[in-house]
Amino acid sequence: MAAFPSPAGAALFKVSFVFPNKDTYEGECARTGEGALRRSGHGVHTSPGGLTYVGRWQNDKMNGTGRLEHPSGAVYEGEFKDNMFHGVGTYTFPNGAKYIGPFNENKLDLCCYRLEGEGEFIDEKGVEWSGTFHHTAAVGLKQKLKM
């Protein structure tokens, strides 16, 4: 385990760790006041089922920018807050359709998308739509025409 100073002055450690459930983490950690190591800084977390997160960690949670790849082929790339999609990001569905815009405390179970505000949706055929999204609804979407 190598220690080096972080920009904030606290020591970060490079670690490679296997969790009891066989998940793995390779990246940076910081020591808590009690002496425990917590993921902090940049790291890669991988599950045996194929879920992979590459990005920033703070207080042992995905915080900051990162990329989460789901075994279904779905990918989220953008801002995270406390293990949730939160802020601006791009969610690519397994069929290739994608949403680009803000997210609001979206849970990682991928069942309930909480899209919030002005965004864009590109369907699996490449047709672009824009408008205001609220959770899973987007009343009044406008198709973007390419001329």
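Since this is a predicted model, take the numbers as computed values, not measurements.

(A) The arrangement of the overall build of the protein in detail. In terms of regular secondary structure, the protein is built from zero helices and 12 strands. Shown N-terminal to C-terminal, the secondary structure of the protein runs as helices and strands in the order β-β-β-β-β-β-β-β-β-β-β-β. Here the protein, with 147 residues, has 35% of them falling under the buried criterion. Intrachain contacts of the protein at a sequence separation of at least 6 include 10% that bridge at least 24 residues. Surface summary for the protein: the accessible area is close to 8700 Å², and the carbon and sulfur share equals 56%.

(B) Main features of the pairing of strand β9 (residues 98-106). Relative to β9, strand β8 (residues 84-92) runs antiparallel, the two being bridged by seven bridges. Within the sheet, the bridge partner assigned to T90 lies in β9 and is I100. Count of turn residues in the β8/β9 antiparallel hairpin: five residues, of which G96 carries a positive phi of about 100 degrees.

(C) Region of interest: the side chain of D23. Within the secondary structure layout, D23 lies in the loop between β2 (11-18) and β3 (24-31). Of the side chains with opposite charge, R39 lies nearest to the buried D23, which makes no salt bridge, at 6.7 Å. One polar contact links D23 to H45, side chain to side chain, over a distance of 2.9 Å. The residues contacting D23, other than those within four sequence positions of it, are F17, V18, H45, T46, S47 and P48.

(D) Spatial organisation of the pattern of salt bridges. Scanning the model with the defined rule gives five salt bridges in all. Notably, a salt bridge pairs E69 with R67, separated by 2.7 Å at the nearest N-O pair. Exposure remark for R67: the relative accessible area of 30% places this residue in the partly exposed category. Salt-bridge contacts for E128 lead to K144; the nearest nitrogen and oxygen are separated by 3.9 Å. Of this pair, E128 sits in strand β11 (residues 128-135) while K144 sits in strand β12 (residues 142-144); the two residues are 16 residues apart in sequence, bridging distant segments of the chain. Among the ionic contacts, a cluster of salt bridges with common partners joins R67, E69 and E77.

(E) Focus on the confidence of the model for the protein. The predicted model of the protein has a mean per-residue pLDDT of 85, with 85% of residues at 70 or higher. Ignoring residues within four places in sequence, the model shows residues 1-5, a span with pLDDT below 50, making 17 contacts including any to other chains.

(F) Examining the packing of aromatic side chains more closely. Inspection of every chain in the model, using the stated rule, returns 13 aromatic pairs. Relative to W57, the ring of Y53 lies with its centre 5.2 Å away and its plane at 90 degrees, an arrangement referred to as edge-to-face. Across this residue pair, the class does not change: Y53 and W57 are buried. On the numbers, 5.0 Å between centres and 80 degrees between planes, the contact of Y53 with F80 is edge-to-face. Taken as a pair, Y53 in strand β5 (residues 52-58) and F80 in strand β7 (residues 75-81) lie far apart in primary sequence, 27 residues in all. Judged by its relative accessible area of 5%, F80 is buried. Of note, R31 hangs over the ring of F13, and the distance from its end group to the ring centre comes to 5.1 Å. Lying across the ring of Y25, R39 places its NZ or CZ 5.7 Å from the centre.

Calculation rules
- Residues numbered from 1 in each chain as written.
- Predicted model: local features only at pLDDT ≥ 70, side-chain atom pairs only at ≥ 80, totals over all residues.
- Heavy atoms only, no water.
- Helix = DSSP H or I, 4+ residues; strand = E, 2+ residues; numbered from the N terminus.
- Buried < 20%, exposed > 50% of the residue type's maximum accessible area, 1.4 Å probe, protein only.
- Contact = heavy atoms within 4.5 Å.
- Areas by Shrake-Rupley, 256 points an atom, 1.4 Å probe, with all protein chains shown as cover.
- Pairing = 2+ DSSP bridges.
- Lys, Arg positive; Asp, Glu negative; His and termini not counted.
- Salt bridge = Lys/Arg side-chain N within 4 Å of Asp/Glu carboxyl O.
- Polar contact = N/O pair within 3.5 Å; in protein donor to acceptor, adjacent residues only side chain to side chain.
- pLDDT = per-residue confidence, 0-100.
- Phe/Tyr/Trp six-rings, centres within 6.5 Å; stacked < 30°, edge-to-face > 60°.
- Lys NZ or Arg CZ within 6 Å of the ring centre and 35° of its normal.

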